[in-house]
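Architecture and fold: a report
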Amino acid sequence: MLNRRWQKSSYSGSSNACVEVRLMGGLVALRESDDGAVVLRAAPAVLADLLDAIKAGELDHHA
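A brief look at the structure comes next. Quick caveat, the model's predicted, so the values are computed rather than measured.

For the rest of this paragraph, the subject is the layout of surface pockets. As a volume, the largest pocket reaches approximately 240 Å³. Val19, Leu30, Arg31, Glu32, Asp35, Val38, Leu40, Arg41, Ala42, Val46, Leu47 and Leu50 together form the lining of the largest pocket. When residues of the lining of the largest pocket are traced back to their parent elements, those giving at least two are β3 (27-32), β4 (35-42) and α1 (44-55). Top contributing element to the lining of the largest pocket by residue count: β4, with five residues. Within the lining of the largest pocket, the residues separate by chemical class into eight nonpolar, no polar and four charged.

See below:
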């Protein structure tokens, strides 16, 4: 991901209800496409750990 513009999944189509991602100063930045005021930043390894936990269902009890 060398592009510094916000990118969203091709699965979201023309919808604005998705998460966008980009690199910012060596960190991965995430925001909601329909409300870009809040941006979360994390080291790539931390984001990878979060995604692994989500995929494994480790956070389902928080829903």
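Of the pairings in the sheet, the one linking β3 to β4 comprises four bridges and is antiparallel in character. Within the sheet, the bridge partner assigned to Leu30 lies in β4 and is Leu40. Hairpin connection between β3 and β4: a loop of two residues separates the two successive antiparallel strands.

We now examine the pattern of salt bridges. For the structure on display, the rule yields one salt bridge. As a salt-bridge pair, Glu20 and Arg31 come within 2.7 Å of each other at their nearest N and O atoms. Here the residue Glu20 occupies a position in strand β2 (residues 19-24), and Arg31 occupies one in strand β3, the gap between them amounting to eleven residues. Note on Glu20: relative accessible area 11%, which makes it buried.

Below, the discussion takes up the sheet that holds β4. If you walk across this open sheet you meet the four strands as β1-β2-β3-β4, and the pairing is antiparallel. With partners counted over all chains shown, the strands left at the sheet margins are β1 (7-8) and β4, one partner each.

What follows concerns the environment of Gly25. By secondary structure assignment, the location of Gly25 is in the loop between β2 and β3. Overall, the relative accessible area of 70% leaves Gly25 in the exposed class. When the C-alpha positions of Gly25 and Ala43 are compared, they lie 9.8 Å apart, and in sequence the two are 18 residues distant.

Conventions used here
- Residues numbered from 1 in each chain as written.
- Predicted model: local features only at pLDDT ≥ 70, side-chain atom pairs only at ≥ 80, totals over all residues.
- Heavy atoms only, no water.
- 1 Å grid on protein atoms, 1.4 Å probe; cavity = no way out; pocket = protein on both sides within 12 Å on 5 of 7 lines; lining within 4 Å.
- Points joined across faces, edges and corners; volume = space filled by probe spheres on them.
- Helix = DSSP H or I, 4+ residues; strand = E, 2+ residues; numbered from the N terminus.
- Nonpolar A, V, L, I, M, F, W, Y, C, P; charged D, E, K, R; others polar.
- Pairing = 2+ DSSP bridges.
- Salt bridge = Lys/Arg side-chain N within 4 Å of Asp/Glu carboxyl O.
- Buried < 20%, exposed > 50% of the residue type's maximum accessible area, 1.4 Å probe, protein only.

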